[in-house]
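Structural features, examined
Chain by chain, the residues:
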Amino acid sequence: MDVSQYKLLDDFRVSGHWWLPDKPEEKVPGTITVAPDTAIVLELGGSFSSAEFDVHNVLSPRSVQLDIILGADADGDVYTLHRLHALRISSTCTFRVSYMLAGKHFSSANDIVFDSALVQYTNLESWSCFNFTRQSKSESPEFFSIQVPTGLETLFKMDGVGQIKNLSLEAHALSRFTLSAIEIKPSARFSIGLNAAANLRTWFQLTNDLGHFMTLLIGEPSYIKKLRLFAAPDTAVDVFYPSTIRRGEDLHPLEMCLDFRDVQKTVPMIARNWFESLALLAPVYDLLFGTLFGRDAFVRTKFVNLTQALESLHRRTVGGTYVSAREFDPVKDVLNAAIPADVPADLKKKLSDSLEYANEYSLRKRLKELLRGLDPSTIEMLKIQDMAGTTEV
């Protein structure tokens, strides 16, 4: 069964035979059901003769965790199931699967490494503004003619930042012909190559960082909807896992903060700066995107998180103390000495601890400095001209 056509939002089932890496001769029939909104579940029509499946674990199946189960369907397509948790063990078995890797067998978790990937995100086609049809001159006035490019077009490319060897945005036209209709639509994806092969954890972190970058430009959460990794140039592995994607209508470019046309000339530089900033500003981004993706949070919670994100941004990029630490130490010593001796120990400790941060800027001052520091080009790019003259918070 060819599962390469499916995305993370799709439901499908694969029937075949499954076995443990160290016992390939012991194949058990079963079916894996992929329902990303809930879980990926493997149901076996039997059990394995392995220590994990002894009488004790039959009575307590949730203690059974397997790293790898291999499988193949009737068409010869191969699968690796990674990180499995038993839900039921008896004459038949049921497992919850964390990751399904379609296209290659991996004997151990250490072998699951990849050096390149193709990634699709929600709203990426709309954001790319890819013109997937071209108007053409018709030979007859009774007909109109359009051209559909069949090749893959590179919209932008970024080279060499951190562990990334190259990153590019590619787009092409998808066409489908039936007896009753012709369907033509755009498809866009990121192509990523690394300097060295990396494991799944690294790839998920990298693709999440890229998704956050897209979220920043689009203004709405951008989720991974298709992840294809390459263990070798000619060995594609489609990755499926339970997803947190929220289904919704695709945004129009006019509904986005900045579509590709707005940043076409600068997007390689912006992308490079984004990845280079992660080491310094990761806590800021965690607060920001935790708020953007947590749409059900209370308004007050969102406000506090975003305020803390701005404070952390100023603290990490500017610092912000009224005087140097050397100048502040004598002041702190005087203030500590001024605390009356008969003050309870707990209160004395609280007052002394608060003095440790007394030299740091207040939140109000940090926000003022951030707004005053915006240069005209940034204000124009962010389309917030009304803040150009802001000096007060």
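Reading the values: the criteria
- Residues numbered from 1 in each chain as written.
- Predicted model: local features only at pLDDT ≥ 70, side-chain atom pairs only at ≥ 80, totals over all residues.
- Heavy atoms only, no water.
- Core = buried A, V, L, I, M, F, W, Y, C linked by side-chain atoms within 4.5 Å.
- Buried < 20%, exposed > 50% of the residue type's maximum accessible area, 1.4 Å probe, protein only.
- Helix = DSSP H or I, 4+ residues; strand = E, 2+ residues; numbered from the N terminus.
- Contact = heavy atoms within 4.5 Å.
- Expected span 1.5 Å × (residues − 1).
- Phe/Tyr/Trp six-rings, centres within 6.5 Å; stacked < 30°, edge-to-face > 60°.
- Lys NZ or Arg CZ within 6 Å of the ring centre and 35° of its normal.
- Salt bridge = Lys/Arg side-chain N within 4 Å of Asp/Glu carboxyl O.
- Pairing = 2+ DSSP bridges.
- pLDDT = per-residue confidence, 0-100.

**Looking at the nonpolar core**
Of all hydrophobic cores here, the largest spans 89 residues; its most connected members are Leu-42, Trp-127 and Phe-275. It is helix 5 (residues 267–293) that provides the largest number of residues to this core, a total of ten residues. In contact with Phe-275, other than residues within four places in its own chain, are Met-158, Val-161, Ile-164, Leu-167, Leu-206, Asp-209 and Leu-210.

**Side note on unusual backbone geometry**
The backbone of Arg-83 sits at a positive phi, close to 60°, despite the residue not being glycine. By the secondary structure assignment, Arg-83 is in strand 5 (residues 78–89). Its identity as a non-glycine residue notwithstanding, Asn-123 has a phi of 70°, on the positive side. With respect to the helices, strands and loops of the structure, Asn-123 is situated in the loop between strand 7 (113–121) and helix 2 (124–128).

**A look at helix 3 (residues 200–218)**
Helix length check: helix 3, at 19 residues, gives a terminal C-alpha distance of 26 Å against a target of 27 Å (1.5 Å per residue), a fit within 8%. At the exit of helix 3 stands Gly-219, carrying a positive phi of roughly 95°.

**Some details on helix 5**
For an α-helix, the turn length of 3.6 residues means that residues three or four places apart are oriented alike. Taking 1.5 Å as the rise per residue, helix 5 with 27 residues should run 39 Å; its terminal C-alpha atoms sit only 23 Å apart, a clear shortfall. When we look at burial in helix 5, the residues that qualify are Val-267, Ile-270, Ala-271, Trp-274, Phe-275, Ser-277, Leu-278, Leu-281, Val-284, Tyr-285, Phe-289 and Thr-291.

**Looking at the packing of aromatic side chains**
A complete count under the given rule lists 17 aromatic pairs for this structure. Taking the centre distance of 6.1 Å and the plane angle of 40° together, the rings of Trp-18 and Tyr-79 count as tilted. Of this pair, Trp-18 sits in strand 1 (residues 12–19) while Tyr-79 sits in strand 5; the two residues are 61 residues apart in sequence, bridging distant segments of the chain. Taking the centre distance of 6.4 Å and the plane angle of 65° together, the rings of Tyr-99 and Tyr-241 count as edge-to-face. Here the residue Tyr-99 occupies a position in strand 6 (residues 93–102), and Tyr-241 occupies one in the loop between strand 14 (235–240) and helix 4 (260–263), the gap between them amounting to 142 residues. Three or more aromatic residues link up through ring pairs in this structure, and these residues are Tyr-121, Trp-127, Phe-156, Phe-190 and Phe-260. Above the face of the Trp-19 ring, Lys-27 is positioned so that its terminal group lies 4.5 Å from the ring centre. The side chain of Lys-104 reaches across the aromatic face of Phe-106, ending 5.5 Å from its centre.

**A word on the pattern of salt bridges**
In a structure, side chains of opposite charge can pair up when their charged atoms sit close to one another. Applying the stated criterion across every chain, the model contains 13 salt bridges. Note that Lys-185 and Glu-183 form a salt bridge whose closest N and O atoms lie 4.0 Å from each other. Residue classification places Glu-183 among the partly exposed positions, given a relative accessible area of 32%. In this structure, Glu-356 and Lys-332 form a salt bridge, with 3.5 Å as the shortest nitrogen-oxygen distance. Of this pair, Glu-356 sits in the loop between helix 8 (345–355) and helix 9 (363–372) while Lys-332 sits in helix 7 (residues 325–337); the two residues are 24 residues apart in sequence, bridging distant segments of the chain. Where salt bridges share partners, they join Glu-311, Arg-315, Glu-360 and Arg-366 into one cluster.

**Things to note about the environment of His-85**
Along the polypeptide, His-85 turns up in strand 5. Expressed as a C-alpha distance, the spacing of His-85 and Tyr-223, which sit 138 residues apart in the sequence, is 26 Å. Not counting the four nearest positions on each side in its chain, His-85 is found in contact with Val-64, Gln-65, Thr-94, Phe-95, Arg-96 and Ser-98.

**A look at the pairing of strand 14**
Looking at chain direction, strand 6 and strand 14 are connected through three bridges and run antiparallel. From the neighbouring strand, Ala-102 faces strand 14, where its bridge partner is Asp-238. Inspection of the sheet shows strand 13 (residues 224–232) paired to strand 14 by five bridges, in the antiparallel sense. For Ala-232, the partnering residue across the bridge sits in strand 14 and is Thr-235. Where strand 13 folds back onto strand 14 in an antiparallel hairpin, the turn is made up of two residues.

**Concerning the confidence of the model for the protein**
Any region with low pLDDT has predicted coordinates that should not be read closely. For the protein, per-residue confidence averages 88 on the pLDDT scale, and residues scoring 70 or more make up 93% of the total. Across residues 387–393, where pLDDT falls below 50, the model places 14 contacts with residues more than four positions away in sequence or in other chains.

**Notes on the pairing of strand 7**
Of all nine residues in strand 7, seven are buried, a share of seventy percent or more. Bridge count for strand 7 against strand 12 (residues 182–199) is six bridges, and the pairing is antiparallel. The residue bridging Val-119 from the neighbouring strand is Phe-190, located in strand 12.

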